[in-house]
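# Working through the structure, step by step
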Amino acid sequence: MSTQHKITVELGERSYPIIIGNGLLDGGFDIAEFVRGPDCLIVSDSNVSPLYRDRILPNLDGKTVTTIDLADGESHKTVASMQLILDRLVATRAARDTTIIAMGGGVVGDITGFAAACYMRGVAFIQIPTTLLAQVDSSVGGKTGVNHELGKNLIGAFHQPQLVMIDTDTLLTLPDRELKAGLAEVIKYGAICDVEFFAWLEENIQALLQKDAAALAYAIQRSCEIKAEVVADDEREAGRRAILNFGHTFGHAIEHCQGYGEWLHGEAVAAGMVMAAELSAIDELELQRLRSLLNAAGLPVTAPQIDAETWMRVMATDKKVAQKQLRFVLLHSLGDAYVTASYDEQRLQAVIGAAA
Ligand code: NAD
Ligand code: GLY
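The text that follows walks through the structure, step by step, so that each part is easy to find. Just so it is clear, the structure is predicted and the values come from calculations on it, not from any experiment.

About the thresholds
Residues numbered from 1 in each chain as written. Chains lettered and ligands numbered in written order. Predicted model: local features only at pLDDT ≥ 70, side-chain atom pairs only at ≥ 80, totals over all residues. Heavy atoms only, no water. Helix = DSSP H or I, 4+ residues; strand = E, 2+ residues; numbered from the N terminus. Rg over C-alpha atoms; globule rule 2.2 N^0.38 Å. Buried < 20%, exposed > 50% of the residue type's maximum accessible area, 1.4 Å probe, protein only. Contact = heavy atoms within 4.5 Å. Areas by Shrake-Rupley, 256 points an atom, 1.4 Å probe, with all protein chains shown as cover. Near = heavy atom within 4 Å. Polar contact = N/O pair within 3.5 Å; in protein donor to acceptor, adjacent residues only side chain to side chain. Nonpolar A, V, L, I, M, F, W, Y, C, P; charged D, E, K, R; others polar. Pairing = 2+ DSSP bridges. Disulfide = S-S within 2.5 Å. Expected span 1.5 Å × (residues − 1). Bend = angle between axes of the 7 residues up to and from the residue. Axes fitted to C-alpha atoms, helices over the stretch in contact; angles between N-to-C directions.

## A few points about the overall build of the protein chain
Along the protein chain, the regular secondary structure elements total 12 helices and 11 strands. At 20 Å, the protein chain has a C-alpha radius of gyration in line with the 21 Å of a compact globule built from 356 residues. When the backbone C-alpha atoms are referred to their principal axes, the protein chain occupies close to 60 × 40 × 35 Å. Out of the 356 residues belonging to the protein chain, those deemed buried represent 56%. Long-range contacts, defined as pairs at least 24 residues apart, comprise 75% of the intrachain contacts of the protein chain with a sequence gap of at least 6. On the protein chain, roughly 14,400 Å² of surface is accessible, and the fraction owed to carbon and sulfur atoms is 49%.

Here it is in structure tokens:
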């Protein structure tokens, strides 16, 4: 028997539900109701498709379904991968009322959402995230896109899905390293705006690592509630939404410098959050709590060798740069983040120097 929880991302006419539960891929939720036209294209990757394609297809009985599997991994989050989706849509003469379903991790979700934003100036899409990271972060909020060789996520669009369907059973097949990477984004939510949730994570980190179903369901639910609330408040990142990028300015630079896929996104964000907290000069005990929780989650808390000049050059491509000035997400304290262009330059040099 499937248990379900529903959260709505409140965006007026573009509002949509996030459904969290188990057994959803096995008929526990009527996904076809969200496929408005007669056709849909399922985009997945070479790992996820063999695991879940045959489970999703019976849910779409009565629809004309085509499928495409992309190569997996961050190094394939490119315009070339998106082109494959567009080529398939054109080749099958997909009409404006087609729906594209992204079934996979954040890479599949981001590329697919971007293709959906571009095809015929925008068609409907559904997110079925299958990694913890995608379930708590990338599938919600409408940021879509691909990497450019000069920087991460530099090409993309805002395009909201019609539905996010999170079947927590999919985490059973997720490799441990990917689970831990997802926990980095979960810990991020506690660090930026919910210190009670942070404390809950400190208590429950072992249960999460052991894939305890109830603990995972709660962590996903609370993360999605926070993300939905922040996105509803500032959909296009005019201000507050940028707090969701805590640790990401450093993290994206790590991913870029190491070569996409070497450090997983969540791993890079983990080390990046520690650097951002150091730059924030928060209370030493709180900094230690952040390091300890990330450590307990099996995540890195120090960055790899990168020289200071490279840090500064790569961080200059960050999307938060405004008027040629770097902006960082910093913490007043655990659970209280803010965005600023005014930071201690010497401390920044120490933070990136300490990392080198
Ligand atoms: P990913 O999509 O590369 O998936 C990780 C790996 O797990 C892949 O090899 C995939 O094939 C495999 N996999 C996925 N689900 C599985 C399952 N259930 N069982 C077994 N294997 C499975 O990586 P990710 O961590 O999901 O996503 C990272 C991406 O998300 C990055 O590109 C990042 O920039 C992006 N992101 C986007 C947003 C946003 O708001 N759009 C937010 C955070 C991160
Ligand atoms: N992951 C950052 C955002 O969605 O805004």
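## Quick look at the site of ligand 1
Neighbouring ligand 1 are 28 residues, the closest being Asp 45, Asp 72, Glu 74, Gly 106 and Thr 131. Contact distances for ligand 1 include 3.0 Å between a nitrogen atom and a side-chain N or O atom of Asp 110. Looking at the shell around ligand 1, the elements that each hand over two or more residues are α1 (48–56), α3 (106–118), α4 (132–138), β8 (151–158) and α5 (176–193). Taken together, the residues of the shell around ligand 1 break down into seven nonpolar, 10 polar and 11 charged.

## Quick word on the pairing of β8
Sheet analysis places strand β7 (residues 143–148) next to β8, joined by five bridges and oriented antiparallel. Across the sheet, residue Val 146 finds its bridge partner in β8, namely Ile 155.

## What about the site of ligand 2?
Inspection of the region around ligand 2 gives Asp 137, Lys 143, Lys 227, Glu 237, Arg 241, Leu 244 and Asn 245 as its neighbouring residues. Here an oxygen atom of ligand 2 sits 2.7 Å away from a polar atom, N or O, in the side chain of Arg 241. For ligand 2, whose accessible area on its own is 200 Å², the fraction buried by protein is 89%.

## A short note on the state of the cysteines
What the rule picks out here adds up to zero disulfides. Of the cysteine sulfurs around Cys 193, a residue in no disulfide, the closest is that of Cys 224, at 13 Å. Cys 193 gets classed as partly exposed once you look at its relative accessible area, which sits at 26%.

## As for helix α6 (residues 195–209)
Three- or four-residue spacings in an α-helix give side chains the same orientation, since the helix completes a turn every 3.6 residues. End to end, α6 covers 20 Å across 15 residues, agreeing with the expected 21 Å (1.5 Å per residue, within 8%). Along α6, the helix axis deviates most sharply at Glu 203, where the bend reaches about 60 degrees. Tucked into the core, α6 has its buried residues touching α5, α7 (213–233) and α10 (284–296). At the N-terminal end of α6, a side-chain oxygen is found 3.2 Å from the backbone nitrogen of Glu 196, two or three residues along, and the residue is Asp 194. Downstream of α6 by a residue or two, Lys 211 has a phi angle that is positive, lying close to 60 degrees.

## Overview of the environment of Gly 122
Relative to the assigned elements, Gly 122 resides in the loop between α3 and β6 (124–129). Taking the C-alpha atoms as reference points, Gly 122 and Arg 96, 26 residues apart in sequence, are found 8.0 Å from one another. Here Gly 122 is in contact with Ala 116, Ala 117 and His 159, once residues within four sequence places are set aside.

## Some words on the sheet that holds strand β4 (residues 64–70)
Taken in spatial order, the seven strands of this open sheet run β1-β2-β9-β6-β5-β3-β4, and their pairing is mixed. With one partner strand each, in any of the chains shown, β1 (4–9) and β4 form the two edges of the open sheet. Averaged over all adjacent pairs, the angle separating strand axes in this sheet is 15 degrees, with direction ignored. Running over the sheet, helix α2 (residues 79–91) touches β3 (39–45), β4 and β5 (99–104) and is turned about 160 degrees from β4. Packing of α7 onto the sheet brings it into contact with β1, β2 (16–21) and β9 (163–167), and relative to β1 it is tilted by some 15 degrees.

Functional significance is not addressed by these values, which are geometric in nature.
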